Amino acid sequence: MSDRLFIFDTTLRDGEQVPGCQLNTVEKIQVAKALEELGVDVIEAGFPVSSPGDFQSVVEISKAVTWPTICALTRAVEKDINAAAEALKYAKRGRIHTGIGTSDYHIRHKFNSTQEEILERAIAATKYAKKFVEDVEFYCEDAGRTDNAYLARVVEAVIKAGATVVNIPDTTGYCLPDEYRAKIKYLIDNVDGVHNAILSTHCHNDLGMATANTVQGVLNGARQVEVTINGIGERAGNTSLEEVAMIFRSHKERNIVTNINTTKIYSMSRMVSSLMNMPVQPNKAIVGKNAFAHSSGIHQDGVLKNRESYEIIDPKEVGIDDNAIVLTARSGRAALKHRLRVLGVEMEQDKLDKVYEEFLKLADRKKDINDDDVLLLVGKDRTAMHRIKLEYLQVTSGVGLKSVASVCLDIAGEKFEAASAGNGPVDAAIKAVKMIIRRTMTIQEFLIQAINKGSDDIGKVHMQVEYDGNVYYGFSANTDIIAASVEAFIDAINKFVK
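From a predicted model like this one, the values you see are computed outputs, not experimental measurements.

Caption draft 1: Examining the nonpolar core more closely. With 87 residues, the main nonpolar core has Leu38, Val155, Val166, Ile168 and Ile265 as its most contacted residues. The leading source of residues in this core is helix α6 (residues 148-160), at eight residues. If sequence neighbours within four positions are ignored, Leu38 has contacts with Ile229, Leu241, Asn259, Ile260, Asn261, Lys264, Ile265 and Met268. Core analysis: the second largest hydrophobic core is formed by 27 residues, Ala432, Val433, Met463 and Ile493 among them.

Next comes the structure, spelled out in structure tokens:
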């Protein structure tokens, strides 16, 4: 029989505390609705007493979201709890999340108090919150550095006072996995009435162990995890939702299941990264751009023969179309042959051997090998095979001037022209192309990179274009970045306009 693990997402509260990552109410509603589609059980929507903006966000998210529980954070202070209760009045399922520091660091230095006084405040806050909502979660701040015997007293007392969930945060990311495991097990074994509430993890990543500690907590009895998308959060961040979800999906033998629709993980990650202007590191587990990329020849050969040779997760499980065979100087013949086949080029082994030798020479000079490089190696110019080609591009732009672009496309030998104004030269040129093609297309990603450093250098443009529910990739390189952008757009279009 499977054990249900509840996912408590705090991207909009703890995650939003990252400097420079603040969202407005409209953006928070957008994220909250996406979290609902992802399948999270609880959305911590904010800290209502902290600001009018936070209060209003909790109100509006409560109205916008249907089935997840909406949670509001408070201190163990009546005015905080009053504000939370007021903000949650439209929630279909509301939860007040109150608490207080329980470690000696907090009791002595933060509160100048005693263990007995803190225990009394914890009980009082829980009982007061219970007057407004049935679902009350209590957090023992800095539980990671709290003596286990005292922590057990607090947990037992707040459960008796009506807490339905008790949060055991490793607030400073201090615990080692075996210490956090032992802490949760101690509470399970020593708290009278512990099964009348759910124990929750809330681990920070200061020492890089947030996910490991969370997993150990779950394996020893915790049944709620407090997480954020991409692991964002104060200082080094929080436990990553996508890591926990995929760990237990991969280890089915543990019989721990979540409600997460994992195919929406990647799009959720990109949304949060974009709205919060916080890039995801390339080697980030599950959602980093290199998470399913293979550049070693040995790895590439193994993956091409059987994906599971080097991948324990199918990229499609997290909403990524496929893994990436990245061509570098370490790539083998199998990877080069695979890329050529994708590009529509088949060749005999002896010819492949010769091309491979030239490929290695080029790879030693260039960091990344793109499709155009590969096709040029075999004597084919990809753009020559395009049905749609850029005949000419003329742009007028400047300070105080409206950007206007004139474009001529060669479509199967017939010339078509259009002109358009836009918000900058690239926008104007793309609009002109759209006027000729007359398809409903959306640019999902637009990345410009310089191959080297210098104002006269070649710029590379990578583009993702969505059409009819599918995503198509375009690429171009040109010393004129406006031309490269238009060529990349046309490159993507050529893959769905036949």
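Caption draft 2: The arrangement of helix α10 (residues 265-275) in detail. Along α10, the residues classified as buried are Ile265, Met268, Ser269, Val272, Ser273 and Leu275. Turning to α10, the residues buried within the fold contact α1 (25-38) and α9 (241-250).

Caption draft 3: Representation of unusual backbone geometry in the model. Although it is not a glycine, Asn230 sits at a positive phi angle of roughly 65°. One can find Asn230 in the loop between β9 (224-227) and α9. Residue Asp468 is not a glycine yet carries a positive backbone phi of 55°. Residue classification places Asp468 among the exposed positions, given a relative accessible area of 65%.

Caption draft 4: The pairing of β9, seen in detail. Alternating positions in β9 separate into two faces, Gln224 and Glu226 on one and Val225 and Val227 on the other, with burial throughout. Sheet topology note: the strand β2 (residues 6-9)/β9 ladder contains four bridges and is parallel. Among the inter-strand pairings, Phe6 is bridged to a residue of β9, identified as Gln224. Bridge count for strand β8 (residues 198-203) against β9 is three bridges, and the pairing is parallel. By the bridge assignment, Thr201 is partnered in β9 with Val225. The parallel pair β8 and β9, bridged by helix α8 (residues 210-219), forms a crossover whose chirality is right-handed.

Caption draft 5: Expanded view of the environment of Thr479. By the element assignment, Thr479 lies in the loop between β18 (470-478) and α16 (481-493). A sequence separation of 19 residues divides Thr479 from Lys460, and the C-alpha atoms of the two residues are 8.7 Å apart.

Caption draft 6: Seen up close, the pairing of strand β3 (residues 42-46). Across the five residues that make up β3, a large majority, five, are buried. Summarising the sheet, β2 and β3 pair through two bridges and their orientation is parallel. Bridge assignment links Asp9 to a residue of β3, and that residue is Ile43. The parallel pair β2 and β3, bridged by α1, forms a crossover whose chirality is right-handed. Relative to strand β4 (residues 69-73), β3 runs parallel, the two sharing four bridges. Across the sheet, the residue bridging to Ile43 is Ile70, located in β4. The β-α-β motif built from β3, the intervening helix α2 (residues 52-64) and the parallel element β4 has right-handed crossover chirality.

Caption draft 7: A look at the side chain of Thr11. Tracing the chain through its elements places Thr11 in the loop between β2 and α1. Side chain to side chain, Thr11 and Asp9 meet in a polar contact 2.9 Å long. In terms of polar contacts, Thr11 uses its side chain to reach the backbone amide nitrogen of Ile229, at 2.9 Å. If we skip the residues at most four places from it in the chain, Thr11 touches Glu16, Val227, Thr228, Ile229, Ile232, Val272 and Met276.

Procedures and definitions
- What you see as residue numbers is a count from 1 along each chain, following the sequence as written.
- This being a predicted model, a pLDDT of at least 70 is required before a residue's local features are given, and a value of 80 or more before pairs of side-chain atoms are given or counted; all residues contribute to the totals for chains, interfaces and linings.
- The side-chain figures draw on all heavy atoms in the structure; neither hydrogens nor water molecules are used.
- Residues belong to one nonpolar core when they are buried, are Ala, Val, Leu, Ile, Met, Phe, Trp, Tyr or Cys, and are joined through side-chain atoms within 4.5 Å.
- Accessible area is worked out with a 1.4 Å probe on protein chains only. A residue is then buried under 20% of its type maximum, exposed over 50%, and partly exposed in between.
- Secondary structure elements follow DSSP: runs of H or I of four or more residues count as helices, runs of E of two or more count as strands, with numbering from the N terminus.
- Throughout, a contact is declared for two residues whenever any of their heavy atoms are within 4.5 Å.
- Two strands are said to pair when DSSP picks up at least two bridges between them.
- Viewed with both strands pointing away, a crossover whose connecting path from the first strand over the helix to the second turns clockwise is right-handed.
- We call two N or O atoms a polar contact when they sit within 3.5 Å, provided that within protein one can donate a hydrogen and the other can accept it, with sequence-adjacent residues counted only if both atoms are side-chain atoms.

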